[in-house]
Amino acid sequence: MLTILFDGIAYGMLLFVLAVGLAVTMGLMNFINLAHGAFAMVGGYVTVILMQRHGIPFLVCLPVAFIVAAALGALLERTLYRHMYGRPHLDQVLFSIGLTFMAIAAADYYMGSSQQLVQMPDWLRGRTEVAIGPWTLGMGYYRIFIIAVCAALTLVLQYLLSRTRFGSRLRAAVDDQRVAAGMGINVNRVFLLTFAAGSGLAGLGGAMGADLMGLDPSFPLKFMVYFLIVVAVGGTASITGPLLAALLLGIADIAGKYYIPQLGGFIVYGVMIVILIWRPQGLFARKGGRKA
């Protein structure tokens, strides 16, 4: 039981890092970016290429995956996404889902359709067990690493959004773009950096989760619904909501697959439906949004 809970927490923390960028673009920037999973896939493939073809250590690949995905996100935000901000949500959905299928086709062409194998370093392959009364907690070193990194990122994000000048400028730009621009805030630059950071976090999550979640060209579609569940259930008032939603989703998914594997994703979607009936705006609803 404790081992399942621990594995669910690790999975949930990874989902949070993957989905937090989508929570920012949907909740704060009021843009529905269904191509978010493609940035995670880019981070995963960057890690695979660097490790398999160039022998780069895993820890070095992680910041590189973040930088590459962030740079790609910044480029696409400046050239494509920015023109879609004021468009209806249906246009945004069609636009971003089109980018998703283009990314899938490109990944299949250049990397092949088979699932990529990531060779973790020896110090992440082990496992330890701790006896807690009648219970035994089995902890894989790789999952301990994921929890530690994701927890640190959560604290950093919370600090950046609530305690820094950039966070205050972002909140001001979200509440009223015209007023923020009138106060001297470069709104376009704020949203560019925010979108790039969200894309970079997705790339980092894809790099860390390539071994745990699997990596193939269908990755953006396979986990798109999971990212949307995290955002819908958690709400967008702060990163606390998506974090709690990701943990609930991770634990429910792991426990459901272990105890009732025949039901597949029924447990996850059941939890989502119950929470959304109880709190239609998510666990932490946010008032306001991006004004064009």
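Residue numbers here run from 1 along each chain, matching the order of that chain's written sequence. At least 70 in pLDDT is required for a residue's local features to be given in this predicted model, at least 80 for side-chain atom pairs to be given and counted, and no such filter applies to totals for whole chains, interfaces and linings, which use all residues. Heavy atoms throughout the structure, all of them, feed into the side-chain values; hydrogens and water do not.

Caption draft 1: Representation of the state of the cysteines in the model. The criterion for a disulfide is a pair of cysteine sulfur atoms lying within 2.5 Å. Enumeration over the complete set of coordinates arrives at zero disulfides. The cysteine C61 is free of any disulfide, with C150 supplying the nearest cysteine sulfur at 17 Å. Partly exposed describes any residue whose relative accessible area lies between the buried limit of under 20% and the exposed limit of over 50%, with all areas from a 1.4 Å probe on protein chains only and scaled to the type maximum. By relative accessible area, C61 is classed as buried at 0%.

Caption draft 2: Local environment of the environment of T128. We count a stretch as a helix when DSSP gives it H or I for four or more residues in a row; a strand needs E for two or more, and each element gets its number in order from the N terminus. In this structure, T128 sits in strand β1 (residues 127–132). Overall, T128 belongs to the partly exposed group, its relative accessible area being 25%. Counting along the chain gives 12 residues from T128 to G140, while the straight-line C-alpha distance between them is 6.4 Å. Among residues more than four places away in sequence, those in contact with T128 are L137, G138, M139 and Y141. The contact rule is simple, with two residues in contact once any of their heavy atoms fall within 4.5 Å.

Caption draft 3: Examining the pattern of salt bridges more closely. What counts as a salt bridge is simple: a side-chain nitrogen of Lys or Arg found within 4 Å of a carboxyl oxygen of Asp or Glu. Within this structure, the stated rule accounts for six salt bridges. The residue R82 makes a salt bridge to E77 at a minimum N-O spacing of 3.1 Å. In this structure E77 comes out as buried when scored by relative accessible area, which is 0%. The residue D91 makes a salt bridge to R87 at a minimum N-O spacing of 3.3 Å.

Caption draft 4: Inspection of the packing of helix α2 (residues 36–54) against helix α4 (residues 89–111) at higher detail. Interaxial angle, 0 to 180 degrees, is taken between N-to-C directions of lines fitted to C-alpha atoms, where a helix line uses only the stretch in contact. Relative orientation of the contacting elements α2 and α4 amounts to 15°, with a least axis distance of 11 Å. Considering their axes alone, α2 and α4 lie roughly parallel with respect to each other. In the packing of α2 onto α4, the handedness of the crossing is left-handed. On the side of α2, the interface is formed by A38, M41, Y45, I49 and R53, while α4 contributes A103, I104, A107 and M111. Every angle not falling under 35 degrees, over 145, or within 65 to 115 is termed oblique; those three ranges are roughly parallel, roughly antiparallel and roughly perpendicular. By convention the crossing between two helices is left-handed if the near helix lies anticlockwise of the far one by an angle smaller than a right angle, and right-handed if it lies clockwise.

Caption draft 5: Representation of α4. For a helix, the expected span equals 1.5 Å multiplied by the number of residues minus one. Here α4 spans 32 Å end to end across 23 residues, near enough to the 33 Å set by a 1.5 Å rise per residue. Within α4 the residues assigned to the buried category are Q92, F95, S96, L99, T100, A103, I104, A107 and M111. Considering only its buried residues, α4 is in contact with α2, α9 (219–222) and α10 (224–234). Immediately downstream of α4, the backbone of G112 shows phi near 85°, a positive value.

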